[in-house]
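These are the residues of each chain, in order.
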Amino acid sequence: MSTKNSNDIDEERTMFIKLPSSGTDAAEIVVEDDNSSDDSILLQDDIAKKQTALDSVITKIGMGKFQKQLLVLCGLGWLADNMWLQCIAVILPRVQKHFGLPNSLIGALSSSLFTGMMFGALFWGVLSDTHGRKQAFNWTLAVTTFFGIIASFAQSFFQLCFMLFLLGFGVGGNMPVDGALFLEFIPKEHQYLLTFMSVFFSFGAVLSSVLAYFILPPNSCTEDDCNVFEENNGWRYMLAILGSLTFLMLMCRIFFFQLQESPKYLISRNRKHDAVLVLRKIAKINGNNMQIQASDFQTPANTTNPRNRSFSSFPFPNETQHAKVEFTSDPISYIKYKTSSNIEVVMSLFTRKWFMTTILVWCIWTLVSFAYTMFNVFLPKYLESLGLDNGESDSLMQDVLKDYVVYSLCGVPGSLAAAWLIETVLGRIGTMSIATFGTALSVFLFSVVKSHSSEIISSAMVSFLATLNYAVIYGYTPEVFESKVRGTACGIASAFGRVAGIIAPMVTGLLLSISVSVPLYVSALLFTISGVCMVLLPIETKGRQA
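Residues numbered from 1 in each chain as written. Predicted model: local features only at pLDDT ≥ 70, side-chain atom pairs only at ≥ 80, totals over all residues. Heavy atoms only, no water.

Asks: What is the right way to look at the overall build of the protein in this model?
Replies: When its secondary structure is counted, the protein shows 21 helices and two strands. Scored against the burial criterion, the 546 residues of the protein give a buried share of 57%. In the protein, the share of contacts with a sequence separation of at least 24, taken over all contacts with a separation of at least 6, comes to 81%. When the accessible surface of the protein is summed, it comes to about 23,100 Å², and 64% of that surface belongs to carbon and sulfur atoms. (Helix = DSSP H or I, 4+ residues; strand = E, 2+ residues; numbered from the N terminus. Buried < 20%, exposed > 50% of the residue type's maximum accessible area, 1.4 Å probe, protein only. Contact = heavy atoms within 4.5 Å. Areas by Shrake-Rupley, 256 points an atom, 1.4 Å probe, with all protein chains shown as cover.)

Dropping the structure here:
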């Protein structure tokens, strides 16, 4: 029987592929052939063991100054998300009057924002998985700031919609990127803070509502014969002010915080030494003098082919395939390579391990977003029509905005309640299921009550329970998925929610032509179905290290 030395084996088990190149320098990729399945499995185990060791190190570092600052800065990203959503809702009637639009077209304003948020959630989510969390963390707010301020100068409705689409592309990345980033820096016993972070989301709506209450009434037309170019610029002031506030949030991220790349992202890319450097910096910021060495993440020797340990700056998302890529003159090959890498990340969500969780989570995001958007779009219109029916035309705008402030404020305790309830016997799944069924009941009650006070009370119940529900969903989604697919899974889930936000206003408009109660009945039904999906979720993340 003939024998082969290790070099011969390595040569037989490795293929060198020359990609087409327009120049003399070709891109060379080292990939494993079909005989490498055993090493692939062992490498996955290697990374899993390193992740377990990393969890232990993060726990020892503890919850300190770094994590507390990150909590605030990620929270500001979530605040910006809802701040802009609420802004579009409150300025929509003013924009309609400014450009003289019919009811059939004004819905394009919010749909433009949601469309941008959909593409943004996909783009920034995948980018954070392929190029790291750090880049996406700052660029989302930078894009939002620029187009938010530019939108205030729009001279046509089309220009405004286009600017809001680009604004939405930026702000749409805040939820999936910021949540995943924060989760990967905190110890297991403090993961409830991701749900608590949704209190910032609630304050985003409050901030927009309060600003609108003081800015819009004195700077908006209430009569049909007013000069809109001189007397109806309140909506422009709102966009400019919120753009300036977003810029301040960006400056806080850049100048007052030393953001580090996620160590879990680095470990998932087999960049162990980079992860050690990051952990040392975090420990130093927290005032922890513990020693962190690369040997803390060692696994038994000879578990994988040593040649497989080399990863380039552009690794395959699926670490069971290995590549060392050097591109000097072939951008087409690089684009094909990166496209296949991103596709592999998405397809890994449909393996047996993640299939049921992926489908249910995406259904929940879609149904809850559709149901809540239908109610949220319906609420100002119904409150305004109720005021007109009661003859309250003189101060109607201010009264409706005041009701909006109350509605927004009621969401804040919902976030706080969620952070407490998820650590009780209910856990994540029980808390969001009960909150969702309660929201469905509250929406139904809103549709049958008649007085103004009853409308305010029932809408306050919807705000409290829906915010509680959203708080748990936003925390559960990044918790349930593992690090190397977390950004993509959260990004696609958020994108489905944005698609629902695009369609819901148009569907609501059609249903309103049938009856003012029909959208509410549909909203309550969708909340109920989403509650059933939550009950069916197979993984409870309470007490589990993300």
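There's more to say after this.
Asks: Just checking my understanding: could you explain the environment of F444 for this structure?
Replies: Inspection of the secondary structure puts F444 in helix α18 (residues 427–448). For F444, a relative accessible area of 40% puts it in the partly exposed group. A C-alpha to C-alpha distance of 9.8 Å links F444 and V462, two positions 18 residues apart in sequence. Those residues in contact with F444, other than ones at most four positions away along the chain, are Y521 and A524.

Asks: Help me understand the environment of E455 in this model?
Replies: Within the fold, E455 resides in helix α19 (residues 452–480). A sequence separation of 72 residues divides E455 from L383, and the C-alpha atoms of the two residues are 8.3 Å apart.

Asks: What am I meant to see in the side chain of R253 here?
Replies: Counting through the fold element by element, R253 comes out in helix α11 (residues 234–255). At a separation of 2.4 Å, a polar atom in the side chain of R253 contacts the main-chain carbonyl oxygen of F137. Dropping the residues within four chain positions of it, R253 is found in contact with L73, C74, G77, F137, N138, T140, L141 and D178. (Polar contact = N/O pair within 3.5 Å; in protein donor to acceptor, adjacent residues only side chain to side chain.)

Asks: Looking at this model, I keep getting lost on the pattern of salt bridges. Mind explaining?
Replies: Where charged atoms from two side chains of opposite charge come close, those side chains can pair. Taken as a whole and judged by the stated rule, the model has six salt bridges. In this structure, R271 engages D274 in a salt bridge whose closest nitrogen and oxygen atoms are separated by 3.1 Å. A relative accessible area of 32% places D274 in the partly exposed class. Between E479 and R428 there is a salt bridge, and its shortest N-O distance comes to 3.0 Å. Here R428 lies in helix α18 and E479 lies in helix α19, a separation of 51 residues in the sequence. Residue class for E479 comes out buried when judged on its relative accessible area of 2%. On the basis of relative accessibility, which here comes to 1%, the residue R428 falls in the buried class. Where salt bridges share partners, they join E423, R428 and E479 into one cluster. (Salt bridge = Lys/Arg side-chain N within 4 Å of Asp/Glu carboxyl O.)

Asks: What is the right way to look at the nonpolar core in this model?
Replies: A general trend in soluble globular proteins is that nonpolar side chains are found buried together. Of all hydrophobic cores here, the largest spans 147 residues; its most connected members are L70, I91, L109, L160, F182, M238 and L239. With 18 residues, the top contributor of residues to this core is helix α3 (residues 65–99). Lining this core are residues from two domains, each supplying at least three of them: domain 1 (48–295) and domain 2 (345–545). Sequence-distant contacts of L239, defined by excluding residues within four places in its chain, comprise W84, C87, I91, G148, A151, S152, L160 and L164. (Core = buried A, V, L, I, M, F, W, Y, C linked by side-chain atoms within 4.5 Å. Domains from an automatic or database assignment.)

Asks: How should I be thinking about the packing of helix α5 (residues 133–151) against helix α6 (residues 157–171) in this particular structure?
Replies: For any two helices packed against each other, the geometry comes down to the angle between their axes and how far apart the axes lie. Remark: α5 packs on α6, axes separated minimally by 7 Å, with the N-to-C direction vectors making an angle of 165°. Here α5 lies roughly antiparallel to α6, going by the angle between them. In this structure, the crossing between α5 and α6 has a hand that is left-handed. Between α5, through T140, V143, T144, F147, G148, I150 and A151, and α6, the contact on the second element is made entirely by L160, M163, L164, L166, L167, G170 and V171. Considering only residue class, the contact of α5 with α6 consists of 10 nonpolar, four polar and no charged. (Axes fitted to C-alpha atoms, helices over the stretch in contact; angles between N-to-C directions. Parallel < 35°, antiparallel > 145°, perpendicular 65-115°, else oblique. Left-handed = near helix turned anticlockwise from the far one by under 90°. Nonpolar A, V, L, I, M, F, W, Y, C, P; charged D, E, K, R; others polar.)

Asks: I tried to follow the environment of G148 on my own but got confused; where do I start?
Replies: Tracing the chain through its elements places G148 in helix α5. For G148 and L239, which are 91 residues apart along the polypeptide, the C-alpha to C-alpha distance reads 6.1 Å. Those residues within four positions of G148 in sequence are excluded, and the remaining contacts are W84, L167 and L239.

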